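The lines below spell out each chain.
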Amino acid sequence: MSNDTKDIFQRLLNGETIPFNDPDYFKIREASLITRKLVYQLNRTIDPIEIRYLLGQITGTKIDESVGVFTPIYINHGKNLKLGKNVFINFDCTFLDLGGITIEDYVLIGPKVSVLTEGHPIDPNQRQSLSTAPILIKKNTWIGANSTILKGVTIGENSIVAAGSLVNKDVPDNVVVGGVPAKILKHID
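Draft legend 1. Region of the structure containing the sheet that holds strand β19 (residues 183-187). Taken in spatial order, the seven strands make up an open sheet running β2-β5-β8-β13-β16-β18-β19, and their pairing is mixed. The sheet is open, and its two edges are formed by β2 (68-69) and β19, each paired on a single side. In terms of strand pairing, strand β8 (residues 108-109) meets strand β13 (residues 142-143) through two bridges, oriented parallel. Its bridge partner being in β13, I109 is matched across the sheet by I143.

Draft legend 2. Main features of the pairing of strand β6 (residues 93-96). Every second residue of β6 is oriented toward a common face, the buried set being C93 and F95 and the non-buried set T94 and L96. With three bridges connecting them, strand β3 (residues 73-75) and β6 associate as parallel partners. Across the sheet, residue I75 finds its bridge partner in β6, namely F95. As paired strands, β6 and strand β9 (residues 114-116) are joined by three bridges and run parallel to one another. Its bridge partner lying in β9, L96 is registered against L116.

About the cut-offs
Numbers given to residues run from 1 along each chain, matching the order in which its sequence is written. Restriction of local features to residues with pLDDT of at least 70 applies here, the model being predicted, together with a cutoff of 80 or more for giving and counting side-chain atom pairs; totals for whole chains, interfaces and linings are based on all residues. The basis for every side-chain value is the complete set of heavy atoms in the structure, and neither hydrogens nor water enter the calculation. Two strands pair if DSSP finds at least two bridges between them. Per the convention used, a helix needs a DSSP run of H or I reaching at least four residues, while a strand needs a run of E reaching at least two, with both numbered from the N terminus. Here's how the labels work: a residue is buried when its accessible area is under 20% of the maximum for its type, exposed when over 50%, partly exposed in between, all with a 1.4 Å probe on protein chains only.

From the geometry alone we can't say anything about function, so treat these as descriptive.
Structure follows, in structure tokens:
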């Protein structure tokens, strides 16, 4: 199947770099507008049931009743955001999910965390493009406040990302990482 016949969202999930002048780029803007309207509604409530309902509308999935979200939260697409059970997301987090974000069970996400599957090419001649890579946050992980997780990263099971960290490489299971860029600080027994 040629790129011309593939859906632009699938092309992004496949890791294709999409120039802003792609004839289908308007679909990203249109989808984002729909999501931002739902996010606006979501951020105007503190009722956990309504939050899960609206988050389900944004993601196109049923959100388990064990998931807790403190609003505000910011999401640009939503359809590629997958949440496990017993996930907690604190205030003021940002999820750019065009590349795909999977958050497994028992994950804790501190306030002001950014999970960003999207970026732009280094080459200045191609910079007016969008590139993506998926993020996987494995089971029982704790992401500390004001941390940033960049595209293509996997956070290992039971690991901790210290507050204020910038994670640009995979994190193994059972470690604490911290810093800019994040490095292993200790192993968890």
